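Fold and geometry: a report
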Amino acid sequence: LFSFLVFLRYQIYYGYPLQTYLEYPIIIAQDVILLLFILRFSGNMKRALFYAVTFWGGWYMLTLRKWIIDLAMNLCTLISAASKLAQLRCLWQTKDSGQVSALTWSMSAYTCASKLWVT
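Quick summary incoming for the structure in this document. (Residues numbered from 1 in each chain as written. Predicted model: local features only at pLDDT ≥ 70, side-chain atom pairs only at ≥ 80, totals over all residues. Heavy atoms only, no water.)

**A closer look at the packing of helix 2 (residues 23-42) against helix 3 (residues 47-61)**
- As a packed pair, helix 2 and helix 3 sit with axes 10 Å apart at the nearest point and diverge in direction by 155°. Taken together, the axis directions place helix 2 and helix 3 in an arrangement best described as roughly antiparallel. Viewed along their axes, helix 2 and helix 3 form a crossing whose handedness is right-handed. In this structure, helix 2 contributes Ile28, Leu35, Leu36 and Leu39 to the contact, and helix 3 contributes Arg47, Ala48, Tyr51 and Phe55.
- Residue composition of the contact of helix 2 with helix 3, by class: seven nonpolar, no polar and one charged. (Axes fitted to C-alpha atoms, helices over the stretch in contact; angles between N-to-C directions. Helix = DSSP H or I, 4+ residues; strand = E, 2+ residues; numbered from the N terminus. Parallel < 35°, antiparallel > 145°, perpendicular 65-115°, else oblique. Left-handed = near helix turned anticlockwise from the far one by under 90°. Contact = heavy atoms within 4.5 Å. Nonpolar A, V, L, I, M, F, W, Y, C, P; charged D, E, K, R; others polar.)

**With respect to the packing of aromatic side chains**
- As enumerated under the stated definition, the model contains eight aromatic pairs in all.
- For the pair Tyr13 and Tyr14, a centre-to-centre distance of 5.0 Å together with 90° between the ring planes defines the contact as edge-to-face.
- Note on Tyr13: relative accessible area 36%, which makes it partly exposed.
- For Tyr14, a relative accessible area of 31% gives the class partly exposed.
- Through a chain of ring-to-ring contacts, three or more aromatic side chains come together here, namely Tyr10, Tyr13, Tyr14 and Tyr16. (Phe/Tyr/Trp six-rings, centres within 6.5 Å; stacked < 30°, edge-to-face > 60°. Buried < 20%, exposed > 50% of the residue type's maximum accessible area, 1.4 Å probe, protein only.)

**Notes on the nonpolar core**
- One finds Leu5, Val6, Leu8, Tyr24, Leu62 and Met73 to be the most contacted residues of the largest nonpolar core, which totals 15 residues.
- The set of elements that each furnish at least two residues to this core consists of helix 1 (2-13), helix 2, helix 3 and helix 4 (66-94).
- In terms of residues, this core owes the most to one element, helix 1, which gives five residues.
- In this structure, Met73 is in contact with Val6, Phe7 and Tyr10, ignoring residues within four places of it in sequence. (Core = buried A, V, L, I, M, F, W, Y, C linked by side-chain atoms within 4.5 Å.)

**Quick notes on the pattern of salt bridges**
- With the rule as written, the count across this model stands at one salt bridge.
- Lys66 is the salt-bridge partner of Asp70, the closest N and O atoms lying 2.8 Å from each other. In this pair, Asp70 and Lys66 both sit in helix 4, four residues apart, roughly one turn of the helix.
- For Lys66, a relative accessible area of 48% gives the class partly exposed. (Salt bridge = Lys/Arg side-chain N within 4 Å of Asp/Glu carboxyl O.)

**Re the packing of helix 1 against helix 3**
- Packing of helix 1 against helix 3 leaves a shortest axis separation of 10 Å and a crossing angle of 35°. For the element pair helix 1 and helix 3, the recorded crossing hand is right-handed. Judged by residue contacts, Leu5, Leu8, Arg9 and Ile12 of helix 1 engage Phe55, Gly58 and Trp59 from helix 3.
- In terms of residue class, the contact of helix 1 with helix 3 is made up of five nonpolar, one polar and one charged.

**Digging into a nonpolar patch on the surface**
- A cluster of nonpolar side chains, namely Phe2, Trp67, Leu71, Leu75, Leu78 and Ile79, defines an oily patch on the protein surface of about 590 Å² accessible area.
- In terms of residue count, helix 4 provides more of the nonpolar patch than any other element does, five residues in total.
- Take Leu75: its relative accessible area is 35%, and that puts it in the partly exposed class. (Patch = residues over 30% accessible without salt bridge, like charges linked within 9 Å, V, L, I, M, F, W, Y side chains within 5 Å. Areas by Shrake-Rupley, 256 points an atom, 1.4 Å probe, with all protein chains shown as cover.)

What follows is the structure in structure tokens.
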């Protein structure tokens, strides 16, 4: 969610055409809805306010200074790679990959790798 937020804000900040980032608001909305469902069904709905404040605060803080948005954009790839490594570590420790779809995970890994190649 962090990377999508940063990328969307970066595109808007620098005035890129809407067609280059139109899918990101939809992806962010899907992630937020999924997060709300997870919080609702795990009984942690009180945390939703914290996440909402963090989301809106991050949205505002990204454009306080030009160097903040540029730094955040550069860190997106590192954060995405770190999240994949955290997922792999969890799978390694639990020795259970029953909840993981190989197709979904490989598509996500391919997307991250292609972003590395392009940038």
